[in-house]
Amino acid sequence: APLACFTPRVMADIENVRSKSTEQHKLLRKDTIHVLGTEVLRNDKDHLYAIVFPIRVPGENDEQFNEIVPDAEERWKELFPTEADDPMDKMKASTGVTWETFTREVRENVVKYIGWLGCEVTEFKSVDEDEIFVLFGMKDQKNLKRFLVEEEARVRMKPEAYEWHKFQCPTDKKVGKDFVREIETDHYTLRGRDHYNDYPAFVRYTPEIDEIVEDVEETEMLRILRHALRKYCRVQLMEQVGVVRLFFPIHKWEELQELYKRGWNDPSKPVYYPKAHMPDHVAEYFGAHVASYFHFYNTLTRWLIIPGLISVIFPFVRVHFGPEKAHFLDSGFGLMMCLWTTIFLAHNKHSLNVKLLKWGMGGNVSAVTIVRKNFKDEKRGTWLETCRGLLHWVLVITFISETIFVSRWIVQYRQQIFDNIDGTTWGMKNVDVAKYFKYLITANIKIVEMVFTPLSIYLSKHENHRTEMDLKNAMILKLFAVKFVLFYYPFIRPIFIQPMVEGCPGAGAKAGDNFEGCINDLRQDLQIFFVTQVVSAVGGLLASVGLMFWTIRKEVKRKKSSESLLSYVEVQAMLSDYDEAAEVSDYMQAVLNFGFLSMFGAIAPSMCFLCFLSNLPMKRLLAYRFSYVQKRVIPIITVGIGSWALILNFLAFFGVTSTSFIVIFAFDILDLQGGDKWQSMCIMMMFFFSIERALGVLKFVIDIGSGEKSLSHLRIEECNDDVRDIILANQIKKVSATPRGRFGC
């Protein structure tokens, strides 16, 4: 439609946004950066969030914006539930309200509420002129302090405040009666403060304690600002109905570059030592939720150094021993891995709990439940929803059955080929077919994973889960149920089932007589799969980077003016979301690797070294994806790694059973398989249960003995509980001379 057809108000709105965009581009023209190979304008400073609204593009989307909005008045009240007054008169017009009018009024109302919160707002038009970006943040200190009080923001006390009131600030190291304060290797935070090992308390902000608290963390501002906006505007519902296209926190280029300088998200530096304090910097930018994942990844990589180095020595030692003596070495390594998994999990739990204290997640921290925008209360309990859930579980059982059937077929067919090695199969010599058969297990795993994972995620997202946590737990349960069988059963079967049923490969092998052929095949299959798994994971990450590179280049070609540049916030709008599916996928990769080490470390010790080597570049690529390929994650309250801790413990316990069976039956360290079959079986079963129960009890004792909190954790909490309220009361008394009530934390 020609521009003359638009009303004066529409024309004024278009020109206003266009003039703002042009002015901003002129101001920022000199401030450019390169993101994924494209020069873009920097506009991330002083803003925390961006909301993207669709607008009319003459001649492209006129039909959509000319549509009449059904029940505009009711929809308006749904989007702005706190408004006491009736919406504008246009909502009651007999001719109806067009989509263009409705979206414009919604945008203006959202901007009004953002202003009420005390935020500064910037609006500009996208380069292809089909969207308006509304950026907002809070710079004014007076508005900021008022906002922090209203939202009960949590701020960290200054370590110096303890000294001013004649107390010691707790640290993670104590000698005698004194806490020892030490500076970390990277001696400053992302914002230039000294980085020490101290753990000052977090308290609710009031103006009276300004002197003794640090500035509010940006992650806390992101969390409470979203919470405050949700009181007035249901942004998630706006996204659902299409009034808002995107709502996301804004990446900060300077802080990402600081992390890049320190090597955290620099893929060109794949060799490094995973430092224990690096997750502190991740928490400073992304929040405790993301930092908890990288803390687990860092800790696992560090703890793999010793078993990885030992496994490197094994091939050189094996050549000096026969198969029987080599099994004693493998048995010792397997039993060591049983203890390693137990101690590692206890250490990871303690160190993460202490880190959560440092990140402000300790104590009585309450989280606001976020309701998913797709949730419909009226659908709960309906036949349709019940059938959808049953269908999902039917698919789970179907894919589990497929894995069991295909694994059995591969073993039987492989055995037939070895029994007739001089024959032919499918027109090929069996000698050549046998070479390809060793890749079938890995191929089946990857194919089933490629089909089931996106299908299960799609079904989970379309199920009527109320909160993000409900969705994530349901997703984890179904995915892990299938992947536990898919990834582990093909490797469990050659040791637990095949020797007793089909027998192991090798001349003269009979069912149950020896395991040597099964062990050799399993070791080869594990090594092939592990290398394939690493290569596919790295390939997936590189593909996501390449896809985003292509998406940005495509958007640049759509710009209306040759003089305009794509802005950094526009680039961020194109990035993928870090949703529940992405989080589950990241954790699943690391957890499954841990399971392989705990269950099959005795068979293939080299997996420890391969896992250690692969973790180094993988973590760099993951960090790069978080920084430049995904939107910034909205910080949330977290208390650890959630249900993944239970899964890790389950895998560790299962690893004890698997290792005990391998040591007694597969390696036959008691040398009983040559005697009377039934007598040998009884003795081996007795030793198997004895070792398995002994290791299980030892693991249980270590878990119980270590407790939920380490000694340093308890000392930090006790010190803060003892002195926090005294410091606050003294400070309030100093400022106002009127004591106030006890401060919670």
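Above this text is the structure in question.
The notes below deal with the structure included here. (Residues numbered from 1 in each chain as written. Predicted model: local features only at pLDDT ≥ 70, side-chain atom pairs only at ≥ 80, totals over all residues. Heavy atoms only, no water.)

**Focus on the overall build of the protein chain**
Note the threshold: Under the scheme used here, helices are H or I runs from DSSP no shorter than 4 residues and strands are E runs no shorter than 2 residues, and both carry numbers assigned from the N terminus. Think of it in three bands: with a 1.4 Å probe and only protein chains considered, a residue is buried below 20% of the maximum accessible area for its type, exposed above 50%, and partly exposed in between. Note on contacts: a residue pair qualifies if any of its non-hydrogen atoms lie within 4.5 Å across the two residues. Throughout, the Shrake-Rupley method with a 1.4 Å probe supplies accessible areas, and for residues the shown protein chains are the sole cover considered.
Tallying secondary structure elements over the protein chain gives 25 helices and 14 strands in all. The 745 residues of the protein chain split such that 53% are buried. Across the protein chain, every contact between residues at least 6 apart in sequence was considered, and the portion connecting residues at least 24 apart equals 79%. Counting only carbon and sulfur atoms, one obtains 59% of the accessible surface of the protein chain, whose full area is about 34,000 Å².

**Section: the nonpolar core**
Put simply, the rule is: In this description, a nonpolar core means a group of buried Ala, Val, Leu, Ile, Met, Phe, Trp, Tyr and Cys residues linked to one another through side-chain atoms lying within 4.5 Å.
Among the nonpolar cores identified, the biggest contains 127 residues, and Tyr488 and Phe596 are the most heavily contacted of them. Of all the elements, helix α17 (residues 468–496) adds the most residues to this core, at 15 residues. Here Phe596 is in contact with Phe487, Tyr488, Phe491, Leu526, Phe529, Phe530, Gly601 and Met607, once residues within four sequence places are set aside. Counting 59 residues, the second largest nonpolar core, distinct from the first, contains Phe136, Ala153, Ala228 and Leu237.

**Brief notes about the sheet that holds strand β12 (residues 246–249)**
Put simply, the rule is: Pairing between two strands is assigned when DSSP locates at least 2 bridges connecting them. In this description, a line fitted to the C-alpha atoms serves as the axis of each element, helices being fitted only across the stretch in contact, and the angle between N-to-C directions of two axes falls anywhere from 0 to 180 degrees.
The four strands are arranged β4-β5-β3-β12 in an open sheet whose pairing can be described as antiparallel. Two strands in the sheet have a free side with no partner beyond their single neighbour: β4 (120–125) and β12. Taken over all neighbouring pairs, the strand axes of this sheet differ in orientation by 20 degrees on average, direction set aside. Two strands pair when backbone bridges link them, and β4 and strand β5 (residues 131–137) are joined in this way by six bridges, in the antiparallel orientation. Along β5, the bridge assignment pairs Lys125 with Ile132. Packing of helix α4 (residues 99–116) onto the sheet brings it into contact with β3 (49–54), β4 and β5, and relative to β3 it is tilted by some 165 degrees. Contacts from helix α7 (residues 218–232) reach β3, β5 and β12, with the element oriented near 40 degrees to β3.

**A look at empty space enclosed by the protein**
A water-sized probe rolled over the atoms picks out the places where empty space is left. Our working definition: Each cavity reported here is a set of points on a 1 Å grid over the protein atoms alone in which a 1.4 Å probe fits but cannot get out, each pocket an open set with protein on both sides within 12 Å along at least five of seven lines, and each lining residue one with an atom within 4 Å of a point. Grid points are joined across faces, edges and corners, and a volume is the space filled by probe spheres set on the points.
If you walk through the whole model with that rule in mind, you get five cavities of 30 Å³ or more. Within this model, the second largest cavity holds a volume of roughly 70 Å³. Lining the second largest cavity are Ile410, Val411, Arg414, Ile441, Pro490, Pro494, Gln498, Pro505, Cys518, Asp521, Leu522 and Asp525. Within the residue set of the lining of the second largest cavity, elements represented by two or more residues are α14 (383–419), α17 and α19 (516–557).

**Some remarks on the pattern of salt bridges**
How we decide: Any Lys or Arg side-chain nitrogen found within 4 Å of a carboxyl oxygen on Asp or Glu counts as a salt bridge.
Per the stated rule, a full pass over the model turns up 36 salt bridges. Residues Lys145 and Asp210 are paired through a salt bridge, measuring 3.1 Å at the closest nitrogen-oxygen approach. With Lys145 in helix α5 (residues 141–150) and Asp210 in the loop between β11 (202–204) and α7, the pair connects residues that are 65 residues apart, well separated along the chain. Owing to a relative accessible area of 34%, Lys145 belongs among the partly exposed residues under this scheme.

**Comments concerning the layout of surface pockets**
Cut-off, in case you're wondering: Each residue is assigned to one of three groups, with Ala, Val, Leu, Ile, Met, Phe, Trp, Tyr, Cys and Pro labelled nonpolar, Asp, Glu, Lys and Arg labelled charged, and all others, Gly among them, labelled polar.
Estimated volume of the second largest pocket: approximately 1,000 Å³. Those elements giving two or more residues to the lining of the second largest pocket turn out to be α16 (440–462), α17, α19, α21 (580–600) and α22 (606–629). Looking at which element gives the most residues to the lining of the second largest pocket, the answer is α19, with 10 residues. By residue class, the composition of the lining of the second largest pocket is 19 nonpolar, 10 polar and six charged.

**Section: helix α23 (residues 644–666)**
Because the α-helix completes a turn every 3.6 residues, residues three or four places apart line up on one side. Put simply, the test is: Between the first and last residue of a helix there are one fewer steps than residues, each counted as 1.5 Å, and that sum is the expected span.
Compared with the 33 Å implied by 1.5 Å per residue over 23 residues, the 30 Å span of α23 between its first and last C-alpha is a close match. Backbone geometry just after α23 places Asp668 at a positive phi near 50 degrees.

**Notes on unusual backbone geometry**
Phi at Asp71 is positive, roughly 50 degrees, even though this residue is not glycine. On the secondary structure map, Asp71 appears in the loop between α2 (62–66) and α3 (72–79). Positive phi is not limited to glycine here, since Asp668 has a value of about 50 degrees. When you line up the elements, Asp668 lands in the loop between α23 and α24 (677–706). Of the residues examined, Asp668 reaches a relative accessible area of 15% and is grouped as buried.

**Describing the packing of helix α11 (residues 288–303) against α21**
Packed helices, taken two at a time, are described by the angle between their axes plus the distance between the axes. This is how it is decided: Just so you know how the angles are binned, under 35 degrees is roughly parallel, over 145 roughly antiparallel, 65 to 115 roughly perpendicular, and the rest oblique. Throughout, a crossing is termed right-handed when the near helix is turned clockwise from the far one, and left-handed when it is turned anticlockwise from it by less than a right angle.
Taken N-terminus to C-terminus, the directions of α11 and α21 make an angle of 20 degrees; their axes are 11 Å apart at the nearest point. Taken together, the axes of α11 and α21 are roughly parallel relative to one another. The two elements α11 and α21 cross, and the hand of that crossing is left-handed. Every residue of α21 that contacts α11 at His289, Ser292, Tyr293, Phe296, Tyr297 and Leu300 is listed here: Glu583, Asp586, Tyr587, Ala590 and Phe594. Class assignment of the residues belonging to the contact of α11 with α21 gives a composition of seven nonpolar, two polar and two charged.

**Things to note about the side chain of Asp198**
Summarising the element assignment, Asp198 is placed in the loop between β10 (194–196) and β11. Among all residues touching Asp198, those that are not within four sequence positions of it are Pro159, Cys169, Pro170, Thr171, Arg181 and Lys358.

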